[in-house]
2 protein chains.
Amino acid sequence: MHRVRVRIVEDVLDANDTIARANRDDFDANAVTVVNLMSAPGAGKTSLLERVLGGLDGVRAGVLEGDVQGSLDAERLATLHVPVTQIETGNGFGGECHLDANMVRLSLPQVPLEKLDLLVIENVGNLVCPAEFRVGEHHRVMVCSVAEGEDKPLKYPLMFRACELVLVNKIDLLPHLDYDLDKFLYNLDAVHPGVERLLVSAKTSEGVEAWRDWLTRVAAPEAVPA
Amino acid sequence: MHRVRVRIVEDVLDANDTIARANRDDFDANAVTVVNLMSAPGAGKTSLLERVLGGLDGVRAGVLEGDVQGSLDAERLATLHVPVTQIETGNGFGGECHLDANMVRLSLPQVPLEKLDLLVIENVGNLVCPAEFRVGEHHRVMVCSVAEGEDKPLKYPLMFRACELVLVNKIDLLPHLDYDLDKFLYNLDAVHPGVERLLVSAKTSEGVEAWRDWLTRVAAPEAVPA
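Since we're looking at a predicted model, the values are computed, not measured.

**Student:** Explain the packing of helix H2 (residues 45-52) of chain A against helix H8 (residues 208-219) of chain A to me, and be specific about the residues and the numbers.
**Tutor:** Residue and element names in this part refer to chain A. Where H2 contacts H8, the two axes come as close as 10 Å, and the packing angle between them is 80°. Compared by their axis directions, H2 and H8 come out roughly perpendicular. Across the interface between the two elements, Leu-48, Leu-49, Arg-51 and Val-52 from H2 touch Val-208, Trp-211, Arg-212 and Leu-215 from H8. Broken down by class, the residue content of the contact of H2 with H8 amounts to six nonpolar, no polar and two charged.

Below, the structure is given as structure tokens:
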């Protein structure tokens, strides 16, 4: 039974990769850099976007917002006057716990790609399946809140390995937690040696400038892969 | 394509329910109360079990520990001298983001049911799929950390509706967060009116006695459904 399941999963991932390549072609044709932003529920993806999307010098940014249900985050981001497109996986996609390439594909007609330099795809809050489904993105970034504990890289290694940047968020809480930051970074390096990381706080804005700089850098025209 | 997917999902859930009933029969035959404990990653499931499992008066407790990878939580709980059995979904189960009835079924030969009054099944950290897969449990409990924000019931309503008890954890952090507890409780009641909730802190032990009492109550022999 499990061998059958593994084969079905492999077929699904193959089909997903084919559609992801079509998405990527569309992004490249429009010279849009696409970032897939992932995290556990409540780690602070939306807050970290709120802090930077309004102030990206010369970068025209948009968001594709993934949720199981509702549009709370999309409404928050729309106040920044950036184009936001909502995908609800509970609406026609079986309530999936992640975005996949086909959901993104079906949403692209609503995304004004020709008017964007940067599209951030905010994935469903989940540390497992989003790491398995590429959606055509150029870059994968994850947010990990210090409130989640130091052991997360060891428990969800695929997610931490899939990303090229880890935003360690809510560092303003460090004085109030039994959290050993060095231990977290040791665990992070154990599963993804040397991966770029930024210590940030959406609340105090510490580290937010470095996050904004990172986005500006990847969104620069010369940074878009051919 | 999505209609096919929905049909496959329905078939999978039907098969899951059949196996869940077999698990439930085994639990009932051994007079073991089974609690399915769910949350987002890092909400504090293991810490809240550490606080109570050693001190359940007259209740012989065990744990079935679900993770994608590794046995860190099982090792923590084993120090309490309760029987702990590990399920790794990454080991033969395709790295699934949730436990299902079949994974539990295949693990039961390693669980000393005849020596237990209470079995806590600690699910994979995820607010989506664990709510869809019954594993034969009598009770479903979830942990929601205040660090995750007030909006979680609205974004993951199925999980909050599926549970009969919500443990609102890490309340020691409330003075350090922009978190409106009343708003969270309002959102909780919007998706699951009147659901039992306990405000707890695994760090300070506030509310932990009520959580211990709840477990002791459901594990009492007369509480096990026939």
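Next comes the rest of the write-up.
**Student:** An account of the interface of chain B and chain A is needed here, citing residue identities and associated values.
**Tutor:** Counting residues at the interface gives 43 residues for chain B, matched by 43 residues for chain A. For the pair chain B and chain A, the two sides together bury roughly 3400 Å², of which 55% comes from carbon and sulfur. Counting across the interface, chain B meets chain A through six salt bridges. The closest approach of N and O atoms between A:Lys203 and B:Asp178, which form a salt bridge, is 4.0 Å. At the boundary of chain B with chain A, the tally comes to nine residue pairs in polar contact (both at pLDDT 80 or more). Breaking the side of chain B that touches chain A down by element, the ones donating at least two residues are helix H1 (2-29), helix H3 (72-78), helix H4 (101-107) and helix H5 (152-155) of chain B.

**Student:** Could you give me a rundown of the nonpolar core, with the residues and numbers involved?
**Tutor:** Judged by nonpolar contacts, the single largest core of 91 residues is most densely connected at A:Leu119, A:Phe160, B:Leu119 and B:Phe160. Not counting residues up to four positions away in its chain, the partners in contact with B:Phe160 are B:Met142, B:Cys144, B:Lys152, B:Pro153, B:Val166, B:Phe184, B:Leu188, B:Val191 and B:His192.

**Student:** Report on the side chain of A:Asn169, specifying residues and quantitative values.
**Tutor:** Residue and element names in this part refer to chain A. Considering the arrangement of structural elements, one finds Asn-169 in strand S6 (residues 165-169). A residue is classified by how much of its surface remains accessible, and Asn-169, at 2% relative accessible area, is buried. Once residues within four sequence positions are removed from consideration, Asn-169 is found in contact with Ala-43, Gly-44, Leu-48, Val-143, Cys-144, Ser-145, Val-146, Val-200, Ser-201 and Ala-202.

**Student:** Break down the pairing of strand S6 (residues 165-169) of chain B for me, with residues and values.
**Tutor:** Look at any regular strand and the pattern is simple: side chains alternate between the two faces of the sheet. Residues and elements named next belong to chain B. Along S6, five of the five residues are buried, which leaves the element largely enclosed by surrounding structure. Pairing between strand S5 (residues 139-145) and S6: five bridges, direction parallel. Residue pairing for S6: Val-141 is matched across the bridge by Leu-165. For the handedness criterion, the β-α-β arrangement of S6, helix H7 (residues 181-191) and strand S7 (residues 196-199) is classed as right-handed.

**Student:** Any chance you could break down the sheet that holds strand S1 (residues 33-39) of chain A for me, citing the residues and the numbers?
**Tutor:** Residue and element names in this part refer to chain A. Within the open sheet, the seven strands sit side by side as S3-S2-S4-S1-S5-S6-S7. Their pairing is parallel. Edge strands, defined here as strands with exactly one partner in the open sheet, are strand S3 (84-88) and strand S7 (196-199). With direction set aside, neighbouring strand axes in the sheet form an average angle of 20°. For S1 and strand S4 (residues 118-122), the ladder comprises five bridges, and the chain directions are parallel. Pairing of Val-34 across the sheet is with Leu-119, part of S4. Together, strand S5 (139-145), S6 and S7 form the strand contacts of helix H7 (residues 181-191), whose direction differs from that of S7 by roughly 160°. The sheet strands contacting H8 are S1, S4, S5, S6 and S7, and the helix crosses S1 at an angle near 145°.

About the criteria used
- Position numbers for residues count from 1 along each chain, tracking the sequence in the order it is written.
- Chain letters start at A and ligand numbers start at 1, both assigned in the order the entries are written.
- Per-residue local features are limited, in this predicted model, to residues with pLDDT of at least 70; the limit for side-chain atom pairs, both in listing and counting, is 80 or more; totals at the level of whole chains, interfaces and linings are taken over all residues.
- With hydrogens and water set aside, each side-chain value is computed from the structure's full complement of heavy atoms.
- The angle between two axes is taken between their N-to-C directions and runs from 0 to 180 degrees, where each axis is a line fitted to C-alpha atoms and a helix contributes only its stretch in contact.
- Only DSSP runs of H or I covering at least 4 residues are called helices, and only runs of E covering at least 2 are called strands; the numbering of each starts at the N terminus.
- The labels follow the angle: roughly parallel below 35 degrees, roughly antiparallel above 145, roughly perpendicular from 65 to 115, and oblique for the rest.
- Two residues qualify as a contact provided that any one of their heavy atoms is within 4.5 Å of a heavy atom in the partner residue.
- Three residue categories are used. Nonpolar comprises Ala, Val, Leu, Ile, Met, Phe, Trp, Tyr, Cys and Pro, charged comprises Asp, Glu, Lys and Arg, and polar comprises the others, including Gly.
- A simple way to read buried area is as the amount of 1.4 Å-probe accessible surface that goes missing from two parts once joined, with both sides added.
- A pairing counts as a salt bridge when a side-chain nitrogen of Lys or Arg comes within 4 Å of a carboxyl oxygen of Asp or Glu.
- Two N or O atoms count as a polar contact when they lie within 3.5 Å, although within protein this holds only if one can serve as hydrogen donor and the other as acceptor, and sequence-adjacent residues are included solely when both atoms are side-chain atoms.
- Remark: nonpolar core denotes a set of buried residues (Ala, Val, Leu, Ile, Met, Phe, Trp, Tyr, Cys) joined through side-chain atoms within 4.5 Å.
- Summary of the burial criterion: residues with accessible area below 20% of their type's maximum are buried, those above 50% are exposed, and those between are partly exposed, where the area comes from a 1.4 Å probe applied to protein chains only.
- Note: two strands are recorded as paired if DSSP finds a minimum of 2 bridges between them.
- With its strands directed away from the observer, a crossover is right-handed exactly when the path from the first strand over the helix to the second travels clockwise.

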